[in-house]
Structure formats: structure tokens, C-alpha cells
Amino acid sequence: FKPAIVKECIREIVRERLSGMQYDPEEVPELSRSLADCIKDKVKNAGFDRYKLVVQVVIGEQRGQGVKMSSRCLWDSDTDNYAEDVFMNV
């Protein structure tokens, strides 16, 4: 698993789909699902089809507050890896 390649896939999709969009709480659930599916498909098509992928998309409105998130999993540092990207519409 090469995080740099996956990060580029994520970045490309997120910027393409979210640039210039206004936050709409009614659209966020479907948009999150759609982005996660699109990212997973693109990563699998980039040659990572034999990997187990977990794609998590979080969309929130910027109003000056902070957000802290955490998750738990069983992690094997020899074989497991991750890629992430943060996008903020300005």
C-alpha cells in the first residue's frame, strides 16, 4: 500500500467534487456516501483492488468551532497503512 498514490486519488476527487460548493446539511449524507464510494472505486482501480479499504468521509460546516475525532481498530504496523486529506472550501 502506497499512501502517496492513494492520497493523490483522494485529493483529486475531493477537490473536483467539493470546490465551490456551499454547505447544505440536507445534501451532506448523500454527498458523503457518494464521495466515499468514488474514492474507494478510484483507489481500487489504481491497483489496490486486493486490499481491504475503509473509507471515511466527514463533512462539516466551518463556524469557528473545533472538531476532534477518534477511531479504533486492530492495527499491524508491518502491513497496515493509511492515507488522509483535509479540504476546506474558502
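Residues numbered from 1 in each chain as written. Predicted model: local features only at pLDDT ≥ 70, side-chain atom pairs only at ≥ 80, totals over all residues. Heavy atoms only, no water.

**Some remarks on the packing of aromatic side chains**
Part 1 of the reasoning: Applying the stated rule across the entire model yields two aromatic pairs.
Part 2 of the reasoning: With a centroid separation of 5.5 Å and an interplanar angle of 65°, the aromatic rings of phenylalanine 48 and tyrosine 51 are classed as edge-to-face.
Part 3 of the reasoning: For phenylalanine 48, a relative accessible area of 7% gives the class buried. (Phe/Tyr/Trp six-rings, centres within 6.5 Å; stacked < 30°, edge-to-face > 60°. Buried < 20%, exposed > 50% of the residue type's maximum accessible area, 1.4 Å probe, protein only.)

**Describing the nonpolar core**
Part 1 of the reasoning: If you look at the biggest cluster of nonpolar residues, it comprises twelve residues: Val6, Cys9, Ile10, Ile13, Val14, Leu18, Leu31, Leu35, Ile39, Val43, Phe48 and Leu53.
Part 2 of the reasoning: At the level of elements, helix H1 (3-18) and helix H2 (28-48) are the ones that each hand at least two residues to this core.
Part 3 of the reasoning: The contacts of cysteine 9, once residues within four sequence positions are left out, are Lys42, Val43 and Ala46. (Core = buried A, V, L, I, M, F, W, Y, C linked by side-chain atoms within 4.5 Å. Helix = DSSP H or I, 4+ residues; strand = E, 2+ residues; numbered from the N terminus. Contact = heavy atoms within 4.5 Å.)

**Some points on the environment of glutamine 56**
Part 1 of the reasoning: Of note, glutamine 56 is situated in the segment after H2.
Part 2 of the reasoning: Among the residues examined, glutamine 56 registers a relative accessible area of 58% and is labelled exposed.
Part 3 of the reasoning: In this structure, the C-alpha to C-alpha distance between glutamine 56 and glutamate 16, residues 40 residues apart in sequence, is 18 Å.

**Side note on the pattern of salt bridges**
Part 1 of the reasoning: Counting across every chain of the model gives five salt bridges.
Part 2 of the reasoning: The shortest N-O distance in the salt bridge between glutamate 12 and lysine 42 comes to 2.8 Å. Placement of the pair is glutamate 12 in helix H1 and lysine 42 in helix H2, with a sequence separation of 30 residues.
Part 3 of the reasoning: A relative accessible area of 39% means that glutamate 12 is categorised as partly exposed.
Part 4 of the reasoning: A relative accessible area of 28% means that lysine 42 is categorised as partly exposed. (Salt bridge = Lys/Arg side-chain N within 4 Å of Asp/Glu carboxyl O.)

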